[in-house]
Amino acid sequence: ASAFHWLKASPFLYECRRILKPEAYVFLLYNVRQTDDMFSQKQACICKRYCPGFFSFSHGAEKAKQRCSAFFVNGYEERLYSHNLVYTEEQFLSRCMSSSYSLNHTQKDYILYKQELENLIAEYSKENLITIHNQTAVWYGKVKRISTIRHGLLAPVAVSYTHLRAHETGRN
């Protein structure tokens, strides 16, 4: 679930418990951008200058990882795999412009933002390709039982008591 950071965790947890066999594992996969190269650092500066919603390239993964300990029972495992992403110039620009933090064409400075991205792409492109340093993060574990959820990171889910009891006892 690479959209785990967008989901309401309690309903997602409930659905996992509903459809999975007991003791089954849930795997969360995220692309985690590595920012140790000059291209990524320059792109981050452009995004910070123009995009008020920009925090980092891996903000979703950071938010998801913070929620893992409240979602998985007895902790979780983490695996990281090197997995660079290769885009054509056009694909990369489209990817940038479709990011949730990106400006859209009706916003102030959209043209300047797009031009700076195009200039950056032209500067670092090799044979019309941009390579993004990336890791794929995998977090996995067994999900908590519905009855163990408390106030805090996971908001309560609205379900009937009968449905919840049937779910917890495996009679659903």
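You'll find the structure just up there.
Before going into details, it helps to say that this report is about the structure given with it. (Residues numbered from 1 in each chain as written. Predicted model: local features only at pLDDT ≥ 70, side-chain atom pairs only at ≥ 80, totals over all residues. Heavy atoms only, no water.)

It is worth spelling out the nonpolar core at this point. By size, the foremost hydrophobic cluster in this structure holds 23 residues, and its most contacted members are Cys51, Phe54, Phe92, Tyr101, Tyr113, Leu117 and Ile132. Of all the elements in the fold, those that place two or more residues in this core are helix H2 (38-50), strand E3 (85-88), helix H4 (89-97), helix H5 (110-124) and strand E4 (129-132). Once residues lying within four places of it in the same chain are set aside, the contact partners of tyrosine 101 are Cys47, Cys51, Gly53, Phe54, Phe57 and Tyr113. Membership of the second largest hydrophobic core comes to 16 residues, among which are Phe4, Leu13, Ala137 and Trp139. (Core = buried A, V, L, I, M, F, W, Y, C linked by side-chain atoms within 4.5 Å. Buried < 20%, exposed > 50% of the residue type's maximum accessible area, 1.4 Å probe, protein only. Helix = DSSP H or I, 4+ residues; strand = E, 2+ residues; numbered from the N terminus. Contact = heavy atoms within 4.5 Å.)

Helix-helix packing: each pair is described by the crossing angle between the helix axes and the interaxial distance. Contact geometry of H2 with H5 gives a least axis separation of 10 Å together with a crossing angle of 175 degrees. The pairing of H2 with H5 is recorded here as roughly antiparallel in orientation. Across the interface between the two elements, Met38, Phe39, Lys42, Gln43, Ile46, Cys47, Arg49 and Tyr50 from H2 touch Leu112, Tyr113, Glu116, Leu117, Leu120, Ile121, Glu123 and Tyr124 from H5. Among the residues forming the contact of H2 with H5, the class breakdown is eleven nonpolar, one polar and four charged. (Axes fitted to C-alpha atoms, helices over the stretch in contact; angles between N-to-C directions. Parallel < 35°, antiparallel > 145°, perpendicular 65-115°, else oblique. Nonpolar A, V, L, I, M, F, W, Y, C, P; charged D, E, K, R; others polar.)

All right, on to the pairing of E3 then. The side chains of a regular strand alternate, first on one face of the sheet and then on the other. Where burial is concerned, the two faces of E3 differ: the one with Leu85 and Tyr87 is buried and the one with Val86 and Thr88 is not. As defined by bridge partners, E3 adjoins E4 across four bridges and the pair is classed as antiparallel. What sits directly across from tyrosine 87, in E4, is isoleucine 130. (Pairing = 2+ DSSP bridges.)

The analysis is restricted to geometry; functional conclusions fall outside its scope.
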